[in-house]
Amino acid sequence: MPIRPGSVRSAAARVTGLLPRRRDWAAARRAPRRDLLAGLTVAVVALPLALAFGATSGLGAQAGLVTAVVAGALAAVLGGSNLQVSGPTGAMTVVLVPVVAQFGPTGVLMVGAMAGVVLVLLAIARVGRYARYLPTPVIEGFTAGIAVVIALQQIPAAVGVLDAHGSKVWAVAADAVARFAAHPDPGPPAVALGVAAVMLLGGRWRPRLPFSLIAVAAATLLTDFLGLDLARIGRLPAGLPAPSLEFLQPDAIGRLLPSALAVAALAALESLLCATVADAMSVDEHHDPDRELFGQGLANLVTPVFGGIPATAAIARTAVNVRAGAGSRLAALTHAVVLAVIVLAAAPLVAGIPLAALAGVLLATAVRMVEASSLLALARATRGDALVLALTFVVTVAVDLVAAIAVGLGVAVVLALRAVARTARLEQVPLDPADHSAEEHQLLAEHIVAYRLDGPLFFAAAHQFLIELSEVDDVRVVILRMSRVTTIDATGAQVLGDAVTRLRRRGITVLMSGIDVRHDQVLTALGVAGQLRRDGHLFPDTPAAIAYARAHIQHRTPHRHQPSGADPDEPGPASGPPHTGPDSTAMPAVEH
């Protein structure tokens, strides 16, 4: 098939619209000193987090620092938000730990690069704008579940048992606790809990101070002074090897693809949510969701070359950036430069940090991730919200993040469809309230009935409609008023056609009025409107259908006995049980 020049130009325009622009840096010229100070503040906060997330991922603390530097700089320049700060995050480490166990460090690098490709494709496809449709209970349950998983991941380092085993994170934590109970060492737990306490209490007392760095530095000095034998980060190597060509084989890519999709989904979700939070915390800031995906995609493509892990925007560091007065991308770029200087100049000092101290940093981070008030509010909102929240949380902790998102979204969609289906109604309405002729009113009441369809007629709102309409009794003409149908899909149209066929087989004439042009296309395509149109039983409005029904009744005989093979428009038996074939139970219900 030849490629159309118009499609090529459209694709090129989409890519061009995702590239950096000169006006992106206009805000940096207004208050550069403030942005530089904000970037320095964020770097101080990000240093222990980058080390901790790198160590937790399984690739080492150096991978976290490399990610914070490379991905932080690229996302600052190429992303769609002026205030967002990117780097390694706790949620990403949750995905990476099983990848490291199964494929090793090189597999993680390949997963990051593949996720970068997926993010770039999502940006070109303009998928970023749809993130706002994610249900809040799914997001909150997902976030709370990630917080618990992060906390469980820190248990081995916090109790000084680094060789615990298990297929799931909770199993590893349980094994570490059991080993610690057999041979307790109070040193690591004291350091981890002390760092977490300083961060949580200090953050309440003086939110602007970098208590994470203060606590880690104090813990390192104290353990050195007391001579405690604790596991340390170790000397930082120059970097991890680049991705191996072994993983470029088709079968290897196929094995890595599920993990890459999970990383891409998590990076897109967290980055877009973070950008939304940054907009809400600032004045007159509006991020570009597709550019944000593009920037994160390129950052994840390049970072593995330097030995870094997959990255995404970080809500905690972004919040610090905004509160510190950042007004442009210069702050996030400064944060990356400062961390690069630290990597080059202070590697020996960083190597002496106890792993238990980093575990304390992440324990405090996990506690801060959980918004108890939001969870309680959602749990009390509706039963459906509480169910989605609880299921997403449980699956996140017990299974994995991808399954949690799938289950949460699946249940939320089913509940939403159920709620929408309940808005659909089929109700009998008076034909002509202004007509005061007693004889004619009695005739209409005995032989003509009108039904108004309100709301959506789709697969979740079809079965009960079929039952109710098929049970129409003692009438000769049924008028279906379609003007208030908001949407109709193939299932709804098929059920409507089935109901019309059943009524016609019983000798009842069916008329339709007020069909929307969009709905007429669906009804015609499935053969519902075609037969009615050929019989002259489609009308633009209800009065025209009523006039036809009156004339039709006046010209029909009151004797309604007909053989089974007679013309379906001839009067026939008007009562009797509705058809109950196997298809009559194939659709969900509609509320009467």
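Residues numbered from 1 in each chain as written. Predicted model: local features only at pLDDT ≥ 70, side-chain atom pairs only at ≥ 80, totals over all residues. Heavy atoms only, no water.

Before going further, it helps to spend a moment on the overall build of the chain. The helix and strand inventory of the chain stands at 23 helices and eight strands. A total of 592 residues make up the chain; the buried ones form 49% of that total. For the chain, long-range pairs separated by at least 24 residues make up 82% of all intrachain contacts whose partners lie at least 6 apart in sequence. (Helix = DSSP H or I, 4+ residues; strand = E, 2+ residues; numbered from the N terminus. Buried < 20%, exposed > 50% of the residue type's maximum accessible area, 1.4 Å probe, protein only. Contact = heavy atoms within 4.5 Å.)

Our focus in this paragraph is a nonpolar patch on the surface. Residues V117, L121, L301, V302, V305 and F306 make up a contiguous nonpolar surface patch of roughly 500 Å² in combined accessible area. Sorting the residues of the nonpolar patch by element identifies α4 (90-124) and α10 (289-302) as the ones contributing at least two each. (Patch = residues over 30% accessible without salt bridge, like charges linked within 9 Å, V, L, I, M, F, W, Y side chains within 5 Å. Areas by Shrake-Rupley, 256 points an atom, 1.4 Å probe, with all protein chains shown as cover. Salt bridge = Lys/Arg side-chain N within 4 Å of Asp/Glu carboxyl O.)

The subject of this paragraph is the pattern of salt bridges. Enumeration according to the criterion identifies nine salt bridges in this entry. Across the pair R504 and D535 runs a salt bridge, and its minimum N-O distance is 3.2 Å. Residue R504 is found in helix α20 (residues 490-505), and its partner D535 is found in the loop between α22 (528-534) and β8 (538-539); the two are separated by 31 residues along the sequence. We classify D535 as partly exposed; its relative accessible area is 26%. In this structure, R533 and D520 form a salt bridge, with 2.9 Å as the shortest nitrogen-oxygen distance. Placement of the pair is R533 in helix α22 and D520 in helix α21 (residues 517-525), with a sequence separation of 13 residues. Salt bridges linked by common partners bring D163, D175 and R179 together as one network.

Averaged over every residue, the pLDDT of the chain is 79; residues scoring 70 or more account for 81%. Of the regions scoring below 50 in pLDDT, residues 235-242 engages in 17 contacts with residues more than four places distant in sequence or in other chains. Segment residues 433-437: pLDDT under 50, and three contacts once partners within four positions in sequence are set aside and those in other chains are kept. (pLDDT = per-residue confidence, 0-100.)

A word on the side chain of N321. Here N321 lies in helix α11 (residues 315-323). With relative accessibility at 0%, the residue N321 sits in the buried group. In this structure N321 touches A38, V42, L83, V85, A326 and A331, once residues within four positions along its chain are discounted.

Below, the discussion takes up helix α23 (residues 542-554). Compared with the 18 Å implied by 1.5 Å per residue over 13 residues, the 18 Å span of α23 between its first and last C-alpha is a close match. Listed as buried for α23 are T542, A545, I546, A549, R550, H552 and I553. Viewed end-on, α23 has its buried residues packed into an arc of 165°, placing them on one side of the element. More than 90 degrees from the buried face of α23, the exposed residues found are P543 and Q554. Regarding α23, its N-cap is D541, as a side-chain oxygen of that residue lies 3.0 Å from the backbone nitrogen of A544 further along. (Expected span 1.5 Å × (residues − 1). Arc of directions from axis to C-beta. Polar contact = N/O pair within 3.5 Å; in protein donor to acceptor, adjacent residues only side chain to side chain.)

To continue, consider the nonpolar core. With 81 residues, the main nonpolar core has L51, I146, V195, I233, L266 and I353 as its most contacted residues. Top element by residues in this core is α4. It accounts for 18 residues. Beyond its immediate chain neighbours, meaning those up to four positions away, L266 contacts A91, M92, V95, F142, I146, T312 and L401. Counting residues in each nonpolar core, the second largest holds 21 residues, with M482, V510, M512 and A529 among its members. (Core = buried A, V, L, I, M, F, W, Y, C linked by side-chain atoms within 4.5 Å.)

Now for the packing of helix α5 (residues 136-159) against helix α15 (residues 372-381). At a minimum axis separation of 11 Å, α5 and α15 run at an interaxial angle of 135°. Put simply, α5 runs oblique to α15. Regarding α5 and α15, the two cross each other, and that crossing is left-handed. Contacts between α5 and α15 pair T136, P137, E140 and A144 from the former with S374, L375 and L378 from the latter. Residue classes in the contact of α5 with α15 are distributed as four nonpolar, two polar and one charged. (Axes fitted to C-alpha atoms, helices over the stretch in contact; angles between N-to-C directions. Parallel < 35°, antiparallel > 145°, perpendicular 65-115°, else oblique. Left-handed = near helix turned anticlockwise from the far one by under 90°. Nonpolar A, V, L, I, M, F, W, Y, C, P; charged D, E, K, R; others polar.)

As a further point, take the pairing of strand β4 (residues 448-457). Across the ten residues that make up β4, a large majority, ten, are buried. Two elements, β4 and strand β5 (residues 477-481), share five bridges in a ladder whose sense is parallel. Along β5, the bridge assignment pairs Y451 with L480. Pairing analysis gives three bridges linking β4 to strand β6 (residues 485-488), with the strands arranged parallel. From the neighbouring strand, G455 faces β6, where its bridge partner is V485. (Pairing = 2+ DSSP bridges.)

To continue, consider the packing of aromatic side chains. Applying the stated criterion to the full structure yields two aromatic pairs. Arranged with centres 6.4 Å apart and planes meeting at 50°, the rings of W205 and F211 form a pair that is tilted. Measuring from centroid to centroid gives 5.3 Å for F539 and Y548, while their planes differ by 50°, and the two rings are tilted. Y548 gets classed as partly exposed once you look at its relative accessible area, which sits at 30%. (Phe/Tyr/Trp six-rings, centres within 6.5 Å; stacked < 30°, edge-to-face > 60°.)

Tracing the sequence through the fold places A326 in the loop between α11 and α12 (329-345). When sequence neighbours within four positions are dropped, the list of residues in contact with A326 reads D35, A38, L83, N321 and A331.

Okay, the packing of α5 against helix α14 (residues 355-369) next. Angle between the axes and distance between the axes are the two parameters that describe a pair of packed helices. Two numbers describe how α5 lies on α14: the axes approach to 8 Å, and their chain directions differ by 160°. On the basis of the axis angle, α5 is roughly antiparallel to α14. Regarding α5 and α14, the two cross each other, and that crossing is left-handed. Two secondary-structure elements touch here, α5 through T143, I146, A147, I150, A151, Q154, A157 and A158 and α14 through L355, A356, A359, L362, L363, A366 and M369. Its residues assigned to classes, the contact of α5 with α14 comprises 13 nonpolar, two polar and no charged.

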